[in-house]
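Structural characterization, general
One letter stands for each residue in the lines below.
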Amino acid sequence: MLRFMSLMVSVTIIASVQCARALAEEQSCSSAWEQSAARASCKPLKTASLPETPPMAVSEPQGCRIRVICRNQFGGGSPVDYPNLDRLSVQRLHNCYGELKIDGCQ
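Residues numbered from 1 in each chain as written. Predicted model: local features only at pLDDT ≥ 70, side-chain atom pairs only at ≥ 80, totals over all residues. Heavy atoms only, no water.

To continue, consider the side chain of Asn72. Structurally, the position occupied by Asn72 is in the loop between β3 (63-71) and β4 (77-85). Asn72 gets classed as buried once you look at its relative accessible area, which sits at 16%. Aside from chain neighbours lying at most four places away, what touches Asn72 is Gly77, Ser78, Tyr97 and Gly98. (Helix = DSSP H or I, 4+ residues; strand = E, 2+ residues; numbered from the N terminus. Buried < 20%, exposed > 50% of the residue type's maximum accessible area, 1.4 Å probe, protein only. Contact = heavy atoms within 4.5 Å.)

Pasting the structure below:
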């Protein structure tokens, strides 16, 4: 019984650490997006299946996923879905006529 209780405590601690790490990664992706120049001209990407306001930056196992609509040269918006960006790249994003680019519009 004591061994089982010890195992349960260990599993609970590991799960808590993993949840805390996932939350920290999620916050760091959102934080990186908030620091980007693109943020000012992009808004959350809503879909029929996801009508509530979704997060613009989401943490995934491979990195940050950016799902937004960015203002383009015609005054409308272009949907953007970029998976697998590292947080440093997210910070350096710029909206280049509806397309997100790292380090400016060249």
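Past the structure itself, the notes keep going.
The next subject is the nonpolar core. Soluble globular proteins tend to pack their nonpolar side chains together in the buried interior. Within the largest apolar cluster, 16 residues are counted, with the highest numbers of intra-cluster contacts made by Trp33, Cys42, Ile66, Val68, Val90, Leu93 and Leu100. Counting residues per element, this core draws most heavily on β3, at 4 residues. (Core = buried A, V, L, I, M, F, W, Y, C linked by side-chain atoms within 4.5 Å.)

Looking at the secondary structure, you find Val68 in strand β3. On the basis of relative accessible area, Val68 is assigned to the buried category, the value being 0%. Once the C-alpha coordinates of Val68 and Ala57 are considered, the two residues, 11 residues apart in sequence, prove to be 8.5 Å apart. Setting aside chain neighbours within four positions, we find Val68 in contact with Trp33, Cys42, Lys43, Pro44, Leu45, Met56, Ser78, Pro79, Val80 and Leu100.

Without other data, these values stay purely geometric and don't point to any function.
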